[in-house]
Amino acid sequence: MSLLAQHIPADDPDQMALADQQTTLGWAELDQMMNRAVNLLHTLDLGPERRLAVFAENSTETVVAYVAAALAGVSAVPVNFHLTPDELAYILEDSASALLLVGPETAGRGVQAAQSVSDTPGSPPIAVMGWRCSDHAEVDSWEHGLTHASDEPPPTDIPPVPHLFYTSGTTGRPKGVDAPPALFRGGRTVEQYFATCATPNAAIGTHLVVGPMYHAGPFSATRNLMGGAPVVVMGRFDAEATLAAIDRYQINAVFMVPTHFTRLLALPAEMRQKYRTDSLVSVTHSGAPCPVSVKRAIIDWLGPIVSEGYGSTEVGGSCHINSEDWLAHPGSVGRPVPPFEVLIVDEEGNELPPGQEGRVYFTDTSGRGISYRNDPEKTAAAHLRPGVFTLGEIGYTDEDGFLYLTDRFSDMVVSGGVNIYPAETEQVLADHPGVADAACIGVPDEEMGEQLKALVVPADPANPPEETEIIAFCRDRIAHYKCPRSVELISEEQLGRSAMGKINKQALRAPYWKG
């Protein structure tokens, strides 16, 4: 018997297991499809690291591809579907992916990126396979592959391997990190790994996916599905469509980011009242700081079922807080969860007592810490000492051990739950003939939490480039979410670059965040 078959209800094998806006699969149908997908992957040459990349928008096929990879002992690389061909090519090459899976929205860019890597001397060819891609002759058909693959239960005694996530770095180049224990519990065989997915979270009931699955939070839906939880996956976020899905499918659990909360709360009251949300028993959020007023409003609306996880792709959740504790400690991101312990230090690394603001570090009592693929320097820079790492935040703890974040000593900007690292955008701006120097910072944005602003020193102050021209220049070269939303022209003195070439971005941000 296949692993997924144990979730087929004896009295209703067609009970919904996985759905998107076009397709609904029952448990029996999903089981057969998963057998074919796993067996298909077993027939392919996926290179010495057995790795494939998924460059596709949310769909049932995307979920099937991720779960099939896990059950085939294959390492999947979830790739941001907004990336340009050049950005994608870097990840394909760095990750040693031998296969690229695409959807109809990403097929053209995927083919271009794979060809670019394959044309590089010494690089092995990268195959491209996709669903609903009949218009692209260069893309092998996923559907054809499934049709011709065996539907017999695949082997379950092979070792599982962690997925490889990519998180951008301050150098501007994304860095690969193996899925941490919080996201991949391992085991000697895929059967043992499958068993670890039957968590209390999976037992909650039907889960709704509203965020892109290249993020670790929404990606958890794959483990919930393996744990027996039905999953409904949505495409790009739409506030009313989300409420309609909660009502239609009687959703029990959903993972969101604060921007989703803001957009839901912005709906007219009569529209919100149109849809039932009383099936919800768990609403988890992460990805960015949530304004106190927004979180209080969400709890008032949905009830004390809102919890927050603070952490990162590199380590998973390092802190957690439920509604009751948050209402008693508004603004906190919670207390650390095992195996993590929080540590606040000054700039010399000396530990600070509760109430004093400093750099936030975590002690990983397992000794793991953070490890970046192919980047020992970045790995070392994230650690105060072995097993003691930082996510780049400034904050403090209270007497009860709750952590509060007040700033970042890294340059990362979090906009709508998406991490943006200004260094990459600054490198693009440096190539603009009308830009002498530039710095990008995060400034307040009512809907997105913060947005990226470019502070530009023009090459010719008498004839500076237009804001629209600068933004368009960036959009032609990098993914749109990495581009500045606004541009301000400043002088070289205002930029304040030191003799060592450093910029005090905290000072640059301060005027915009005052009050």
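Structure: see above.
Residues numbered from 1 in each chain as written. Predicted model: local features only at pLDDT ≥ 70, side-chain atom pairs only at ≥ 80, totals over all residues. Heavy atoms only, no water.

Visitor: Give me the overall build of the protein: which residues, what numbers.
Guide: Scanning the protein for helices and strands turns up 19 helices and 26 strands. For 515 residues, the compact-globule estimate of 2.2 N^0.38 gives 24 Å, and the protein sits close to it at 23 Å. Its C-alpha atoms give the protein principal-axis dimensions of roughly 70 × 60 × 50 Å. Buried residues in the protein amount to 56% of all 515 residues. (Helix = DSSP H or I, 4+ residues; strand = E, 2+ residues; numbered from the N terminus. Rg over C-alpha atoms; globule rule 2.2 N^0.38 Å. Buried < 20%, exposed > 50% of the residue type's maximum accessible area, 1.4 Å probe, protein only.)

Visitor: Provide a residue-level description of the sheet that holds strand β2 (residues 24-26), including the pertinent values.
Guide: Read from one edge to the other, the open sheet built from nine strands follows the order β2-β1-β11-β10-β12-β13-β14-β15-β16, with strand pairing classed as mixed. In this open sheet, the two strands that pair with only one neighbour each are β2 and β16 (335-336). Bridging between strand β14 (residues 306-312) and strand β15 (residues 316-321) involves five bridges; their strand directions are antiparallel. Its bridge partner lying in β15, tyrosine 310 is registered against cysteine 319. Here helix α13 (residues 292-302) sits on the sheet in contact with β13 (282-285), β14 and β15, set at roughly 140 degrees to β14. (Pairing = 2+ DSSP bridges. Contact = heavy atoms within 4.5 Å. Axes fitted to C-alpha atoms, helices over the stretch in contact; angles between N-to-C directions.)

Visitor: Tell me about unusual backbone geometry, and please be specific about residues and values.
Guide: In this structure, the amide linkage connecting proline 338 to the following residue, proline 339, adopts the cis form with an omega of 10 degrees. In this structure, proline 339 sits in the loop between β16 and β17 (340-345). Despite not being glycine, arginine 50 shows a phi value in the positive range, around 45 degrees. Among the secondary structure elements, arginine 50 is positioned in the loop between α1 (27-43) and β3 (51-55). Positive phi is not limited to glycine here, since alanine 96 has a value of about 60 degrees. Residue position: alanine 96 is located in the loop between α3 (85-95) and β5 (99-102). Relative accessible area serves as the criterion here: at 35%, alanine 96 is assigned to the partly exposed category.

Visitor: Lay out helix α17 (residues 467-475) in plain terms, naming residues and giving numbers.
Guide: Of the residues making up α17, those classed as buried are Ile470, Ile471, Phe473 and Cys474. Each buried residue of α17 sits inside an arc of 155 degrees when the element is viewed along its axis, so together they form one side. On the buried face of α17, the contacting elements are α16 (422-430), β25 (449-458) and β26 (486-489). (Arc of directions from axis to C-beta.)

Visitor: Could you give an account of the packing of helix α11 (residues 258-265) against α13, with specific residues and numbers?
Guide: Close contact between α11 and α13 brings their axes to 10 Å; oriented N to C, the two are set at 65 degrees. The crossing of α11 and α13 is left-handed. Contact with α11, carried on its side by Phe261, Thr262, Leu264 and Leu265, involves Val294, Ala297, Ile298 and Trp301 of α13 and no other residues of that element. Residues of the contact of α11 with α13, tallied by class, amount to seven nonpolar, one polar and no charged. (Left-handed = near helix turned anticlockwise from the far one by under 90°. Nonpolar A, V, L, I, M, F, W, Y, C, P; charged D, E, K, R; others polar.)

Visitor: Before we move on, can you summarise the pattern of salt bridges with the specific residues and values?
Guide: Inspection of the entire model under this criterion finds 15 salt bridges. Between arginine 51 and glutamate 49 there is a salt bridge, with its nearest N and O atoms 2.6 Å apart. Judged by relative accessible area, arginine 51 falls into the buried class, the value being 5%. Relative accessible area serves as the criterion here: at 33%, glutamate 49 is assigned to the partly exposed category. The partner of aspartate 375 in a salt bridge is lysine 175, with the nearest N and O atoms 3.1 Å apart. One end of the pair, aspartate 375, is in the loop between β18 (358-364) and α15 (376-381); the other, lysine 175, is in strand β9 (residues 174-178), with 200 residues separating them in the sequence. Side by side, aspartate 375 and lysine 175 carry an identical accessibility label, which is buried. Three or more residues are tied together by salt bridges with common partners; here these are Glu49, Arg51 and Arg373. (Salt bridge = Lys/Arg side-chain N within 4 Å of Asp/Glu carboxyl O.)

Visitor: I'd like a rundown of the sheet that holds strand β4 (residues 75-78), residues and numbers included.
Guide: In space, the five strands of this open sheet follow the order β4-β3-β5-β6-β7, with parallel pairing throughout. A single partner strand is all that each edge strand has here, and the edge strands are β4 and β7 (140-141). Pairing of β3 with β5, which is carried by four bridges, proceeds in the parallel orientation. The residue bridging leucine 52 from the neighbouring strand is leucine 99, located in β5. α3 rests against β3, β4 and β5 of the sheet, and its axis sits at about 160 degrees to β3.

Visitor: I'd love a proper account of helix α2 (residues 60-71), names of residues and values included.
Guide: Here α2 is twelve residues long and its end C-alpha atoms lie 16 Å apart, about the 16 Å a rise of 1.5 Å per residue gives. A large share of α2 lies buried, amounting to twelve of its twelve residues. One or two residues past the end of α2 sits glycine 73, with phi positive at roughly 70 degrees. (Expected span 1.5 Å × (residues − 1).)

Visitor: Give a description of the nonpolar core that names residues and reports values.
Guide: Residues Leu30, Met34, Leu101, Trp142 and Phe362 are the most contacted members of the largest nonpolar core, which totals 67 residues. Sorting elements by how many residues they give to this core places α2 first, with nine residues. Here leucine 30 is in contact with Leu4, Ala17, Leu18, Leu25, Val64 and Leu225, once residues within four sequence places are set aside. Judged by nonpolar contacts, the second largest core, of 32 residues, contains Val232, Phe237, Ile321 and Trp326. (Core = buried A, V, L, I, M, F, W, Y, C linked by side-chain atoms within 4.5 Å.)

Visitor: Describe the side chain of histidine 329, with residues and values.
Guide: Relative to the assigned elements, histidine 329 resides in the loop between α14 (323-328) and β16. Here aspartate 400 takes part through its side chain, which lies 3.1 Å from a polar atom of the side chain of histidine 329. Apart from residues no more than four positions distant in its own chain, histidine 329 is found in contact with Asp398, Asp400, Phe402 and Tyr404. (Polar contact = N/O pair within 3.5 Å; in protein donor to acceptor, adjacent residues only side chain to side chain.)

Visitor: Could you give me a rundown of the side chain of asparagine 35, with the residues and numbers involved?
Guide: Within the secondary structure, asparagine 35 is located in helix α1. According to the relative accessible area criterion, asparagine 35 is buried, its value standing at 6%. One polar contact links the side chain of asparagine 35 to the main-chain carbonyl oxygen of aspartate 151, over a distance of 3.1 Å.

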